[in-house]
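# Structural overview
For reference, the chains in residue letters:
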Amino acid sequence: MNKKTDRQYLDQAPNEGKGLSQFAPYLINRIAHRYNQTLSDSVTAIGLTIPKMRVLAALATMGELTVNELSVVAVAEQSTMSRTLDQMERDSFILRVISETDSRARVISLTDVGLAAYREVWPQMSVAEDALFEGMDYKTRRAFLHTLSQIMANIRQNEI
């Protein structure tokens, strides 16, 4: 297709009765939801929720983060994040301290208990991710991840 034809196609609403199978936001949402549902039983078995799992993964891979940063990378509203962090602090998964550079901000880090929980849930996260790419070769997987990264860069509103 040429650019004009591509644009005409993209500007058209999906055909009624054909579903949203060519609408990227819909597909991304469905995939993320299915991934989370797949992991739900695994994380619940070790006393976590999907939001708690996201916090553990963010902190384990990115290091200390503020509550605002965690809300962005763990994909949670700030009020939900605050309640999640209250529970995680109570359960000794995280440590919250006042930022040295901004007394209004709280910096969140993993405790040894939190890191152990992340290490326990990571294998299930990895298996669930691998299932998303079943039947695809490494090159296809890398290209898809590159495409998602580009989309993220296109829409990013935060530095993280």
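Residues numbered from 1 in each chain as written. Predicted model: local features only at pLDDT ≥ 70, side-chain atom pairs only at ≥ 80, totals over all residues. Heavy atoms only, no water.

### What about the pattern of salt bridges?
Spelled out, the test is: Criterion for a salt bridge: a side-chain nitrogen of Lys or Arg within 4 Å of a carboxyl oxygen of Asp or Glu. Put simply, DSSP H or I for four residues or longer makes a helix, DSSP E for two residues or longer makes a strand, and each gets a number counted from the N terminus. Throughout, exposure labels follow a simple rule: accessible area from a 1.4 Å probe, protein chains only, divided by the maximum for the residue type, with under 20% read as buried, over 50% as exposed, and the rest as partly exposed.
For the coordinates displayed, the defined rule picks out six salt bridges. Close ionic contact of D86 with R96 constitutes a salt bridge, the shortest N to O distance being 2.5 Å. With D86 in helix 5 (residues 78-90) and R96 in strand 2 (residues 94-98), the pair connects residues that are 10 residues apart, well separated along the chain. In this structure, D130 and R141 form a salt bridge, with 3.0 Å as the shortest nitrogen-oxygen distance. Taken together, the residues span a long stretch of sequence, with D130 in helix 6 (residues 112-132) and R141 in helix 7 (residues 138-155) at a distance of 11 residues. The class for D130 is partly exposed, based on a relative accessible area of 38%.

### Some details on the sheet that holds strand 2
Note the following rule: Two strands qualify as a pair provided that DSSP identifies no fewer than 2 bridges between them. The contact definition used throughout considers only heavy atoms, calling two residues in contact when any of these lie within 4.5 Å. Fitting a line to C-alpha atoms yields each axis, with helices limited to the stretch in contact; the angle taken between N-to-C directions then spans 0 to 180 degrees.
Strand order in the open sheet formed by three strands is 1-3-2, and the pairing between neighbours is antiparallel. What marks the edges here is a single partner per strand, and that holds for strand 1 (65-66) and strand 2. The pairing of strand 2 with strand 3 (residues 106-110) spans five bridges and is classified as antiparallel. Within strand 3, the residue paired with R96 across the bridge is I108. Across the sheet, helix 3 (residues 50-62) is in contact with strand 1, strand 2 and strand 3; its angle to strand 3 comes to roughly 85°. Relative to strand 2, helix 5 is tilted by about 115°, and along the sheet it contacts strand 2 and strand 3.

### Brief notes about helix 5
To be explicit about the condition: Between the first and last residue of a helix there are one fewer steps than residues, each counted as 1.5 Å, and that sum is the expected span. Regarding the arc, it is the one traced by the directions from the helix axis to the C-beta atoms.
Given a rise of 1.5 Å per residue, 13 residues ought to cover 18 Å, and the 18 Å separating the end C-alpha atoms of helix 5 matches this to within 8%. M81, T84, L85 and M88 are the residues of helix 5 that are buried. Projection of helix 5 onto a plane perpendicular to its axis shows the buried side chains occupying an angular sector of 100°, all on one side. Those residues of helix 5 hidden inside the fold are in contact with helix 3, helix 4 (67-73), strand 2 and strand 3.

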